[in-house]
Amino acid sequence: LDPLFEFSGACAGCGETPYLKLLSQLFGDRLMVANATGCSSIYGGSLPTTPWTTDDAGRGPAWSNSLFEDNAEFGLGLRLASDVHVQLARRRLTELRDTIGADLVDAILAAPQLRESELTAQRERVTELRRRLAGLDPAVTADLLSVVDQLVRRSVWIVGGDGWAYDIGSGGLDHVLASGRNVNVLVLDTEVYSNTGGQMSKATPLGAVAKFASAGKTVPLKDLALQAIAYGSVYVAKVAMGADPQQTLQAFREAEAYDGPSLVIAYSHCIAHGIDMRLGMDQQYRAVASGHWPLLRYDPVLRAAGDNPFLLDSHRPRISLDDYRKRELRYRSLANADPVEYERLLGMAEQAIAQRWNVYEEMASRGPEHFQPDARREN
């Protein structure tokens, strides 16, 4: 699949851009992106150039940037506007059913649009619809033609970093996830405010050095995934492409196909971590292998089918946390400056990882009745 995200101005070896490339490959020809201010908005929309492009048919992502504090609401607005346009298109199409042809109209209105083959078939139907509308009175068809492209299902993604999702925009993100609307959220989690100079965020791990945490962060990171899982109606995934690309791909596809809010939290190595950026994917692997970044998926569809919706996709920690941390300057600088404090915080981080794993493993072994049902659909 051709990427529709290319030649960005991001740092060489950036851990965020592979996820955006994948997003554009999977859904780019019908993608709408609401992008929070941050690294991804800077390399994503530094005019007069942009890395977002179109395919051979001239289709590509629609992209816009909003502020830290309201990007989630902005993305929800894209979804609501698209829903209104779809309703208008379906209404006008139904009114012209006998004029256009009942077979074509019924096929368009009833078409499933989850698989790529189904979306391709719907595009062909819409192309035929345009051809038939061209032969009718413009006064009758103008309203339908203005929204006819909406008959192909839009894929709305709200994109931003951890500074937006965990901190400044967290209230709006929570509101959007609780709305029940069919929006997808991609958090490019670098565990620090990358674009503004490396300040600590609520995603910064215990013991990491950052601005405002120069002696090592002494508060554990926020578990955004568990917060979203508590609603019962949100598809949630934590992914790391360098550790398990297949699980990443599966999570993106499941999130987009899910008829409701979805949240994908993607581990993104960053130059602010103080690593050899050529080996970023190797460090992603170590983050997962050490237990620092568990891979998981929570799918409400499984809960509705009577299965456990919580899927723990990574193994128990099989390398030491120190082996992961000693390769990053954000941890190593504390070890050099204050070895005693480094060891103290490392021990506490290891305890936090063990505690989190106990919780996750217990959740993965539960029956579906232990999880909140999705009240929007029959359970």
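Residues numbered from 1 in each chain as written. Predicted model: local features only at pLDDT ≥ 70, side-chain atom pairs only at ≥ 80, totals over all residues. Heavy atoms only, no water.

Enquirer: Pulling in residues and values, what's your account of the pattern of salt bridges?
Expert: Tallied over the full model, the rule gives 25 salt bridges. In this structure, Asp323 engages Arg327 in a salt bridge whose closest nitrogen and oxygen atoms are separated by 3.2 Å. Through salt bridges with shared partners, a single network forms among Arg30, Arg153 and Glu256. (Salt bridge = Lys/Arg side-chain N within 4 Å of Asp/Glu carboxyl O.)

Enquirer: Give a detailed account of the packing of helix 5 (residues 102-110) against helix 6 (residues 116-133), specifying residues and quantitative values.
Expert: What describes two packed helices is the angle between their axes and the distance between those same axes. Where helix 5 contacts helix 6, the two axes come as close as 10 Å, and the packing angle between them is 140 degrees. One way to sum up the angle between helix 5 and helix 6 is to call them oblique. In this structure, the crossing between helix 5 and helix 6 has a hand that is left-handed. Residues Leu104, Ala107 and Ile108 of helix 5 form the contact with helix 6, whose participating residues are Gln122, Arg125, Glu128, Leu129 and Arg132. Of the residues assigned to the contact of helix 5 with helix 6, the class counts are 4 nonpolar, 1 polar and 3 charged. (Axes fitted to C-alpha atoms, helices over the stretch in contact; angles between N-to-C directions. Helix = DSSP H or I, 4+ residues; strand = E, 2+ residues; numbered from the N terminus. Parallel < 35°, antiparallel > 145°, perpendicular 65-115°, else oblique. Left-handed = near helix turned anticlockwise from the far one by under 90°. Contact = heavy atoms within 4.5 Å. Nonpolar A, V, L, I, M, F, W, Y, C, P; charged D, E, K, R; others polar.)

Enquirer: Before we move on, could you go through empty space enclosed by the protein and cite the residues and values that matter?
Expert: Where empty space is left can be seen by rolling a probe of water-molecule size over the atoms. Overall, the coordinates contain 2 cavities of 30 Å³ or more when judged by the stated rule. Here the largest cavity is characterised by a volume of approximately 160 Å³. What lines the largest cavity is a set of 19 residues, and nearest its centre among them are Gly38, Cys39, Gly161, Ser194 and Asn195. Residue classes in the lining of the largest cavity are distributed as 7 nonpolar, 10 polar and 2 charged. Considering only enclosed or pocket space, the second largest cavity measures out at about 100 Å³ in volume. Lining the second largest cavity are 14 residues, with Tyr166, Leu221, Lys222, Lys238 and Trp293 sitting closest to its centre. When the residues that make up the lining of the second largest cavity are grouped by side-chain class, the tally is 7 nonpolar, 1 polar and 6 charged. (1 Å grid on protein atoms, 1.4 Å probe; cavity = no way out; pocket = protein on both sides within 12 Å on 5 of 7 lines; lining within 4 Å. Points joined across faces, edges and corners; volume = space filled by probe spheres on them.)

Enquirer: Explain the packing of aromatic side chains to me, using residue names and the numbers behind them.
Expert: On inspection of all chains with the given rule, the structure shows 11 aromatic pairs. Here the aromatic rings of Trp157 and Phe252 are separated by 5.8 Å at their centres, their planes lie at 20 degrees, and the arrangement is stacked. Of this pair, Trp157 sits in strand 3 (residues 155-161) while Phe252 sits in helix 11 (residues 245-257), and the two are 95 residues apart along the sequence. Pair check on accessibility: Trp157 and Phe252 agree, each one buried. For the pair Phe310 and Tyr360, a centre-to-centre distance of 5.7 Å together with 55 degrees between the ring planes defines the contact as tilted. With a gap of 50 residues between them, Phe310 in strand 8 (residues 310-312) and Tyr360 in helix 16 (residues 339-364) connect regions that are remote in the sequence. (Phe/Tyr/Trp six-rings, centres within 6.5 Å; stacked < 30°, edge-to-face > 60°. Buried < 20%, exposed > 50% of the residue type's maximum accessible area, 1.4 Å probe, protein only.)

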